[in-house]
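Examination of the molecular architecture
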Amino acid sequence: DQGNEGDTSVVTKTKPKTARPPMYKVMLLNDDYTPMEFVVHVLERFFGLNHAQSFELMLTVHKKGLAVVGVFSHEVAETKVAQVMDFARRHQHPLQCTMEKE
Ligand code: TYC
């Protein structure tokens, strides 16, 4: 699209907007009690990361307090959070998982 305002030399382009769904960051929070191996297992099981990636990301959460472990559509993000929270609760670990609009 090329809109030329009257006969001036100013050319403006209107960008065709493709609708994208909002995306959500899923974050894991550090705590003092959840075993490191459990967090690694969670990352492998629910986020499709390999062992090395999971270990590295677990250490990032451990050192920094939290980290984004994935970015998903609202529905998928909600499912991941629910799965992690339920899995942690069933194993009686205080691990917290939250989501936030990107
Ligand atoms: N800080 C925990 C420990 O020292 C390990 C841990 C890592 C817990 C990441 C939660 O999201 C977490 N056992």
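Residues numbered from 1 in each chain as written. Predicted model: local features only at pLDDT ≥ 70, side-chain atom pairs only at ≥ 80, totals over all residues. Heavy atoms only, no water.

For the record, the criterion: UniProt positions are given in the numbering used here, feature names are shortened, and annotations may be inferred rather than shown by experiment.
Going by an unreviewed UniProt entry, the protein carries the name ATP-dependent Clp protease adapter protein ClpS and comes from Actibacterium pelagium. The record in UniProt for the protein states the following under Function (unreviewed entry): "Involved in the modulation of the specificity of the ClpAP-mediated ATP-dependent protein degradation." Among the UniProt annotations of the protein, the heading Subunit (unreviewed entry) holds the following wording: "Binds to the N-terminal domain of the chaperone ClpA."

1. Some points on the UniProt feature "domain: Adaptor protein ClpS core" (unreviewed entry) in the protein
Keep this limit in mind: Secondary structure is summarised from DSSP: a helix means a run of H or I of at least four residues, a strand means a run of E of at least two, and numbering begins at the N terminus for each.
UniProt records the feature "domain: Adaptor protein ClpS core" (unreviewed entry) at residues 20-98, using the numbering of this structure. A helix fraction of 54% and a strand fraction of 20% characterise residues 20-98, whose end C-alpha atoms lie 22 Å from each other.

2. Structural notes on the site of the ligand
Condition: Only a single heavy atom is needed: when it lies within 4 Å of a molecule or strand, its residue is near that molecule or strand. Polar contact is the term for a pair of N or O atoms within 3.5 Å; when the atoms are in protein, one must be able to donate a hydrogen and the other to accept it, and sequence-neighboring residues count only if both atoms are side-chain atoms. Surface accessibility follows the Shrake-Rupley procedure with a 1.4 Å probe radius. Residue values consider only the protein chains on display as shielding. Gly falls in the polar group here, along with every residue not listed as nonpolar (Ala, Val, Leu, Ile, Met, Phe, Trp, Tyr, Cys, Pro) or charged (Asp, Glu, Lys, Arg).
Inspection of the region around the ligand gives Leu 28, Leu 29, Asn 30, Asp 31, Thr 34, Met 36, Val 39, Met 58, Val 61, His 62 and Leu 95 as its neighbouring residues. At 2.7 Å, a backbone N or O of Asp 31 approaches a nitrogen atom of the ligand. Its free accessible area being 350 Å², the ligand has 89% of it covered by the protein chains. Listing elements by their share of the shell around the ligand, those giving two or more residues are strand 3 (24-29), helix 1 (36-47) and helix 2 (51-64). Here the element with the most residues in the shell around the ligand is helix 2; it accounts for 3 residues. When its residues are assigned to classes, the shell around the ligand shows 7 nonpolar, 3 polar and 1 charged.

3. Notes on the pattern of salt bridges
The line we're drawing: Salt bridge criterion: a side-chain nitrogen from Lys or Arg within 4 Å of a carboxyl oxygen from Asp or Glu.
By the definition in use, this model includes 3 salt bridges. Across the salt bridge formed by Glu 100 and Lys 25, the nearest N and O atoms sit 3.1 Å from each other. Of the two residues, Glu 100 sits in strand 5 (residues 96-101) while Lys 25 sits in strand 3, which places them 75 residues apart along the sequence. Close ionic contact of Asp 86 with Arg 90 constitutes a salt bridge, the shortest N to O distance being 2.8 Å. Here the residue Asp 86 and the residue Arg 90 both occupy positions in helix 3 (residues 74-90), the gap between them amounting to 4 residues, near one helical turn.

4. Details of the side chain of Ser 54
Rules: Accessibility here uses a 1.4 Å probe with only protein chains present; expressed as a share of the type maximum, an area under 20% marks a residue as buried, one over 50% as exposed, and anything in between as partly exposed. In this description, contact between two residues means that some pair of their heavy atoms is separated by no more than 4.5 Å.
Along the polypeptide, Ser 54 turns up in helix 2. According to the relative accessible area criterion, Ser 54 is buried, its value standing at 0%. The residues touching Ser 54, leaving out its near neighbours within four places in the chain, are Val 40, Leu 43, Glu 44 and Leu 49.

5. Re the side chain of Asp 31
Convention followed: We score Asp and Glu as negative and Lys and Arg as positive, and we do not count His or the chain ends.
Following the sequence through the fold, Asp 31 ends up in the loop between strand 3 and helix 1. Summary of buried charges: Asp 31 has no salt-bridge partner, and the nearest side chain of opposite charge, Arg 89, is 15 Å away. Polar contacts involving the side chain of Asp 31 include one to the main-chain amide nitrogen of Tyr 33, which spans 2.7 Å. Here Thr 34 takes part through its backbone nitrogen, which lies 2.6 Å from a polar atom of the side chain of Asp 31.

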